[in-house]
Amino acid sequence: MTTVTHAEAKSRAKRKALSLLDPPHQIAQRLLRDPLSISLASTDYGHIIHHNPTAILAPISVTDISTLIKFSNSLPIPFDIAPRGQGHSVHGQSMARDGVVLNMTALKAEKEVVIVSDGGALGPYADVGGQHIWIDVLHEALKHGLTPLSWTDYLYLSVGGTLSNAGISGQTFRFGPQISNVHQLQVIT
């Protein structure tokens, strides 16, 4: 028979109590679990793959996303997390079975599209959050007499979504895929 100290028993009980149903208070109210939200996040574009998440996080900042990732990693068995922008991902890429889908469109107010006309040696560039859609980037760029070098043929896709797939489009043969025109990415961990 193995003897378990009081501290070990307490630690085991704490680990066992932690689950996706008991999230950190900083994000608890932004985790959606209603049937409609779950249903909308449970299918891919084309309705071929279906996976129900446990919840959808509507983050208001990158700190919310970081908190969710740290929470998942603190569990004995971490849950899957998948970002979802405009919902055009195929083959289940933006789905998280029994995990959390990040509603990236909720980050709209986090960062506005910023065009810097004089980028020094880099030349003009756009500082854009992954939650924004390409049509918004184009409108901001046009205010400065600029356009992105490479963009998707359908401009109502999110920047993060297209970059996660390299961003192949009609301009790729001339300017390369979108990802090859990116100078810097912020990765949230």
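Look a little higher up for the structure.
Fair warning: this is a prediction, and the values are worked out from it, not measured in the lab.

A. Local environment of the pattern of salt bridges. This structure, assessed with the given rule, holds two salt bridges. Notably, a salt bridge pairs Arg30 with Asp64, separated by 2.7 Å at the nearest N-O pair. Residue Arg30 is found in the loop between α2 (25-28) and β1 (31-32), and its partner Asp64 is found in helix α4 (residues 62-74); the two are separated by 34 residues along the sequence.

B. Spotlight on the environment of Gln184. As for its placement among the helices and strands, Gln184 is situated in the segment after α7 (172-175). As for Gln184 and Asp127, which are separated by 57 residues in sequence, their C-alpha atoms are 9.1 Å apart.

C. Structural context of the packing of aromatic side chains. Counted by the stated rule, this structure contains two aromatic pairs. The interplanar angle of 55° and the centroid separation of 5.9 Å between the aromatic rings of Phe71 and Phe79 together place this pair among those described as tilted. Aromatic pair Tyr154 and Tyr156: ring centres 5.8 Å apart, planes at 50°, arrangement tilted. Residue classification places Tyr154 among the partly exposed positions, given a relative accessible area of 44%.

D. Spotlight on unusual backbone geometry. Within the chain, Asp98 stands out as a residue other than glycine whose phi angle is a positive 60°. The residue Asp98 is located in the loop between β3 (81-84) and β4 (100-103) in this model.

Conventions we followed
Residues numbered from 1 in each chain as written. Predicted model: local features only at pLDDT ≥ 70, side-chain atom pairs only at ≥ 80, totals over all residues. Heavy atoms only, no water. Salt bridge = Lys/Arg side-chain N within 4 Å of Asp/Glu carboxyl O. Helix = DSSP H or I, 4+ residues; strand = E, 2+ residues; numbered from the N terminus. Phe/Tyr/Trp six-rings, centres within 6.5 Å; stacked < 30°, edge-to-face > 60°. Buried < 20%, exposed > 50% of the residue type's maximum accessible area, 1.4 Å probe, protein only.

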